Amino acid sequence: MPHAQPEAPAIEVHDLTVAYHRKPVLWDVDTAIPRGRLVAVVGPNGAGKSTLLKAVLGLVPLASGWVQVFGRDLRDARSLVAYVPQRESVDWDFPVSALDVVTMGRYGRLGWIRRPARSDTEAALASLDQVGMKAFAHRQISQLSGGQQQRVFIARALVQDAALYLMDEPFAGVDAATERAIVELLRAMRAQGRTVVAVHHDLQSVPDYFDYVVMLNMRLVAAGPVASVFTRENLQKTYGGRLTLLDEAAEAVRKA
Amino acid sequence: MTAAISNLSLHASDWWTIGTAAVCGVACGVPGVYLVLRRMSMLGDAISHAILPGLAAAFLFFGTRDVLAMLAGAMATGMLTAWLSAGVARLGKVPEDAAMGVVFTSLFALGVLLITLGSRNVDLDPGCVLYGLIDAVALDTRDVLGVAVPRSFLILSVFAVLNVSLVGVFYKELKIVSFDSALASALGFRSGVVHYTLLAMIAATCVASFEAVGSILVVAMLIVPGATAYLLTDRLSRMLVIAAVVACVAAFAGHLLALATGAAVAGAVSVALGGLFAGAALFSPRYGVVARALRRAALALRIRREDALANLYRAHEGRAAETRRAPGLLDHVAAWALRRQGLVVAKDGVSALTDAGLARARTLIRSHRLWETYLAERVGLPADHLHDPAHRVEHFITDELRGELAGDVGTDVDPQGREIPPDRRAEGEP
């Protein structure tokens, strides 16, 4: 696993505000996510869950605040972070095979211009094997089922051999067998000391799959171990309607 | 027209014309693949139009038609189009395609205006920019190692080599940025840099191609080879090669068409490109109209054959056939095919299953009754809603699925009390 600053949390977010078209979608989020945890990010639609992941990855401009990964600026820690975007975010008719997609996970360490070597292909095949997709390596990706496509995405993250994995709805639209396989993988990753932060929709499975939870609804409602934080009261705060003043303030900022 | 073509003999000047169109096609078609894949084909159209004001402005500013001045001007407005379109779309109120439509038409009109103003006292011909001079490439030549090579051919060859090399060198970067730009950014690749480099390449190639082939053929060469190749393969590397080949074939076929009809070469090559695309759309092995129709027909025939087998099995069990409809042409073909395959024999004018036919029919009935049982037990459908869904699904149940179903329902009698035929490994072909 790549080198990380000792002791620093996996993710530290300080007073983070993110806005689209000037309209804030995340307000003043301030939290630290410890290492070696399986972390669920939950909240209603439009709560800013994906945005939080993208902010950590530096994919969206920050209106205020800062993010650190293992105590370092993201630019110095890219090799420590792997990202599994939402399945719908890419065009599955793109003319590439499952193996091609997984090999993309090695591009970061290859840098500009250098071509993937045999060792990269072998690593990609090994990681396809880990998700039970080796037999499909040479399939064009549109010929895969939803669950298989998700496994390919996860294999692509595995091949990055990162310390922190950010996954946007890894369980969305997958079959039961794939869901079980992914959960097994996540547990194995935690056993290796890796940190996984996943946007998750099925509240019922949160206590089974995860041990740490971040509850969002445009602002941070609560964050901490599932056992102490994932309570009825906090769920009500998270899902029981938005803070209407936040919405109104966001409108006011946009119109100004 | 065939006779006309066979009477033609190609002169050196014809080969230069074909060659110029071909190198132009490779120079445009190869980067064009990425426009097609990124669903930005309109941007190719936009850029190729919007460089006109760049050409005019560069001429008015530098007072020369020097290639480098023209390139600089055109690349500037080409990029400006992409950047302005994205900017207008970011205003929030205007969709991206509309933003592009506004930007490039305005810039194009501005270019026409500038040219009209500028050409009052100088020789700058809007017609040349729009239609190109490909019919006469051989008239303007440069001496290369003792051979008189048309200037357009030289310039476009340079661009073809340059673009193919750039795509080769940055193959990995173009692939990841086109497929998943968020991942590319997260891995530290500058998506914007790759994007605008691609656009700069395309803008520069458009300028170089304009003089030779005109704007209609440039737009066609940017998009049609890539779109054609997309129908023929699902590997990016092959798609790039096929796009280049399509462009070359269109150059050759288009020139013959022009010779035979007396039409302008640029127009004829565009028509040839359209013809190649239509050919791919019709005859592509996987995505073509014909292949799809054949696959559908084969499936329909298989279903009829299987229905006939299943009915014979029910007769063999002493039950009435379950589907009653007047036999159509397809049923007669199916019956003929079953006899030919040796699954059915005609005895005294009555059809009967052979051993192989019986085995196949048993598997089908097994699928049908397993599915009925599954629907009744697990989905909870009432008894009179079981047959039709099972009748549709039975044709698609694989060995594996059948095994899982058998394990799941754990009975050998279907909801109507009929036996579910056991799985016999002595079955014929699957």
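Refer to the preceding data block for the structure.
What you are looking at is a predicted structure, and each value in this text was computed from that prediction instead of being measured. (Residues numbered from 1 in each chain as written. Chains lettered and ligands numbered in written order. Predicted model: local features only at pLDDT ≥ 70, side-chain atom pairs only at ≥ 80, totals over all residues. Heavy atoms only, no water.)

Caption draft 1: Representation of empty space enclosed by the protein in the model. Residue and element names in this part refer to chain A. One pass over the structure, following the stated rule, counts one cavity of 30 Å³ or more. Approximately 70 Å³ is the volume attributed to the largest cavity. Along the walls of the largest cavity sit I11, V13, V29, T31, I33, V41, L52, L53, V56, V197 and V214, which together make up its complete lining. Secondary-structure elements contributing two or more residues to the lining of the largest cavity are β1 (11-20), β2 (23-33) and α1 (49-57). Here the lining of the largest cavity is built from residues that sort into ten nonpolar, one polar and no charged. (1 Å grid on protein atoms, 1.4 Å probe; cavity = no way out; pocket = protein on both sides within 12 Å on 5 of 7 lines; lining within 4 Å. Points joined across faces, edges and corners; volume = space filled by probe spheres on them. Helix = DSSP H or I, 4+ residues; strand = E, 2+ residues; numbered from the N terminus. Nonpolar A, V, L, I, M, F, W, Y, C, P; charged D, E, K, R; others polar.)

Caption draft 2: View of the interface of chain A and chain B. Taken together, the 32 residues of chain A in the interface contact 29 residues of chain B. For the pair chain A and chain B, the summed buried surface comes to about 2800 Å²; carbon and sulfur atoms form 65% of the total. Linking chain A with chain B are three salt bridges. Between D100(A) and K175(B) there is a salt bridge, and its shortest N-O distance comes to 3.8 Å. Our count for the contact surface shared by chain A and chain B stands at eleven residue pairs in polar contact (both at pLDDT 80 or more). Elements with a minimum of two residues in the side of chain A that touches chain B: α2 (98-103), α3 (107-110) and α5 (146-158) of chain A. Broken down by element, the side of chain A that touches chain B gets its largest block of residues, three residues, from α3(A). (Contact = heavy atoms within 4.5 Å. Buried area = accessible area lost by both parts, 1.4 Å probe. Salt bridge = Lys/Arg side-chain N within 4 Å of Asp/Glu carboxyl O. Polar contact = N/O pair within 3.5 Å; in protein donor to acceptor, adjacent residues only side chain to side chain.)

Caption draft 3: Molecular detail of the packing of aromatic side chains. What the rule picks out here adds up to eleven aromatic pairs over all chains. Both rings, one in F94(A) and one in F179(B), keep their centres 5.4 Å apart while their planes meet at 50°; by these two values the pair is tilted. In this pair, F94(A) is assigned in the loop between β5 (81-84) and α2 and F179(B) in helix α8 (residues 171-179), connecting two distinct chains. Note on accessibility: F94(A) and F179(B) belong to one class, buried. Members of the aromatic cluster, connected to one another through ring pairs, are W92(A), F94(A), F153(A) and F179(B). Of note, R156(A) hangs over the ring of F153(A), and the distance from its end group to the ring centre comes to 4.4 Å. A cation over an aromatic ring shows up here: K172(B) above the ring of Y107(A), its NZ or CZ 5.6 Å from the ring centre. (Phe/Tyr/Trp six-rings, centres within 6.5 Å; stacked < 30°, edge-to-face > 60°. Buried < 20%, exposed > 50% of the residue type's maximum accessible area, 1.4 Å probe, protein only. Lys NZ or Arg CZ within 6 Å of the ring centre and 35° of its normal.)

Caption draft 4: Region of the structure containing a nonpolar patch on the surface. Residues and elements named next belong to chain B. Judged by side-chain polarity, L282, F283, V289, V290 and L294 come together as a nonpolar surface patch covering roughly 480 Å² of accessible area. Here the element with the most residues in the nonpolar patch is helix α13 (residues 289-316); it accounts for three residues. Checked against the element boundaries, L282 lands in helix α12 (residues 265-283). (Patch = residues over 30% accessible without salt bridge, like charges linked within 9 Å, V, L, I, M, F, W, Y side chains within 5 Å. Areas by Shrake-Rupley, 256 points an atom, 1.4 Å probe, with all protein chains shown as cover.)

Caption draft 5: Looking closely at a negative patch on the surface. All names here are of chain A. Taken together, the side chains of E12, D15, D28 and D30 present a region of like negative charge at the surface. Those elements giving two or more residues to the negative patch turn out to be β1 and β2. Mapped onto the elements, D30 comes out in strand β2. (Lys, Arg positive; Asp, Glu negative; His and termini not counted. Charge placed at Lys NZ, Arg CZ, Asp CG, Glu CD.)

Caption draft 6: Inspection of the sheet that holds β1(A) at higher detail. Residues and elements named next belong to chain A. Taken in spatial order, the three strands of this open sheet run β2-β1-β4, and their pairing is antiparallel. Bordering the open sheet on either side are β2 and β4 (64-69), each of which pairs with just one other strand. Taking the axes of each pair of neighbouring strands and ignoring which way they run, one obtains an average angle of 25° across the sheet. Note that β1 and β4 share five bridges and pair antiparallel. The residue bridging V13 from the neighbouring strand is V67, located in β4. Each of β1, β2 and β4 is contacted by α1, which is oriented at about 115° to β1, the strand it contacts most. (Pairing = 2+ DSSP bridges. Axes fitted to C-alpha atoms, helices over the stretch in contact; angles between N-to-C directions.)

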